[in-house]
Amino acid sequence: MADKNELIAKLQGQIEEWKGEMNSLAEKAEGATDEVKAQCGEAMDALRSKCEEGEATLAEWKDKAEDAWEDFQKEAEASLATFKTTVTDSIERIKSFFA
């Protein structure tokens, strides 16, 4: 099991990576057709929302007291795994607009 700081660092790093990927996809969308731009816009809004949720979760984890962390740890690990899957699927969906 990961400790609190390790999970926080993982989520923080993952969010930063996704933001970079989102910026790259947004730049790519600028040169796309109007239809692809519209599809990307909607998907990017949803993805931004997910990243905001991740940042809120990150803040929650940072505020969690060390003595409460042990009880919360399994829930945090499951949340991180679900979050990763959801965002990765969203990014892949956006990438498919350019295929």
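Above this text you will find the structure in question.
These numbers were taken from a predicted model, which means no experiment stands behind them. (Residues numbered from 1 in each chain as written. Predicted model: local features only at pLDDT ≥ 70, side-chain atom pairs only at ≥ 80, totals over all residues. Heavy atoms only, no water.)

Engineer: So what's going on with the packing of helix α2 (residues 34–63) against helix α3 (residues 66–96)? Residues and values would help.
Structural biologist: In contact at an axis separation of 10 Å, α2 and α3 are set at 165 degrees when each is read in the N-to-C sense. In terms of axis orientation, α2 runs roughly antiparallel to α3. The two elements α2 and α3 meet at a crossing, and its hand is left-handed. Contacts between α2 and α3 involve Cys40, Ala43, Met44, Leu47, Lys50, Cys51, Gly54, Thr57, Glu60 and Trp61 from the former and Trp69, Phe72, Ala76, Ser79, Leu80, Phe83, Thr86, Val87, Ser90, Ile91, Arg93 and Ile94 from the latter. (Axes fitted to C-alpha atoms, helices over the stretch in contact; angles between N-to-C directions. Helix = DSSP H or I, 4+ residues; strand = E, 2+ residues; numbered from the N terminus. Parallel < 35°, antiparallel > 145°, perpendicular 65-115°, else oblique. Left-handed = near helix turned anticlockwise from the far one by under 90°. Contact = heavy atoms within 4.5 Å.)

Engineer: Give me the lowdown on the environment of glutamate 35, citing residues and values where you can.
Structural biologist: You can see glutamate 35 is positioned in helix α2. Glutamate 35 gets classed as exposed once you look at its relative accessible area, which sits at 58%. A C-alpha to C-alpha distance of 9.4 Å links glutamate 35 and phenylalanine 97, two positions 62 residues apart in sequence. (Buried < 20%, exposed > 50% of the residue type's maximum accessible area, 1.4 Å probe, protein only.)

Engineer: How would you explain the packing of aromatic side chains if you had to name every residue and give the values?
Structural biologist: According to the stated counting rule, one finds 1 aromatic pair in the structure shown. Both rings, one in tryptophan 18 and one in phenylalanine 83, keep their centres 5.2 Å apart while their planes meet at 70 degrees; by these two values the pair is edge-to-face. Taken together, the residues tryptophan 18 in helix α1 (residues 4–30) and phenylalanine 83 in helix α3 connect sequence positions 65 residues apart. Across this residue pair, the class does not change: tryptophan 18 and phenylalanine 83 are buried. (Phe/Tyr/Trp six-rings, centres within 6.5 Å; stacked < 30°, edge-to-face > 60°.)

Engineer: Describe the pattern of salt bridges, and please don't skip the residues or the numbers.
Structural biologist: This model, assessed by the stated rule, comprises 5 salt bridges. If you follow the salt bridges from partner to partner, you end up with Glu21, Glu92 and Lys95 in one network. (Salt bridge = Lys/Arg side-chain N within 4 Å of Asp/Glu carboxyl O.)

Engineer: Can you tell me about the packing of α1 against α2, naming the residues and giving the values?
Structural biologist: Taken N-terminus to C-terminus, the directions of α1 and α2 make an angle of 165 degrees; their axes are 10 Å apart at the nearest point. When the interaxial angle is binned, α1 and α2 end up roughly antiparallel. Crossing handedness for the pair α1 and α2: left-handed. Its residues assigned to classes, the contact of α1 with α2 comprises 15 nonpolar, 3 polar and 7 charged. (Nonpolar A, V, L, I, M, F, W, Y, C, P; charged D, E, K, R; others polar.)

Structural measurements only, silent on function.
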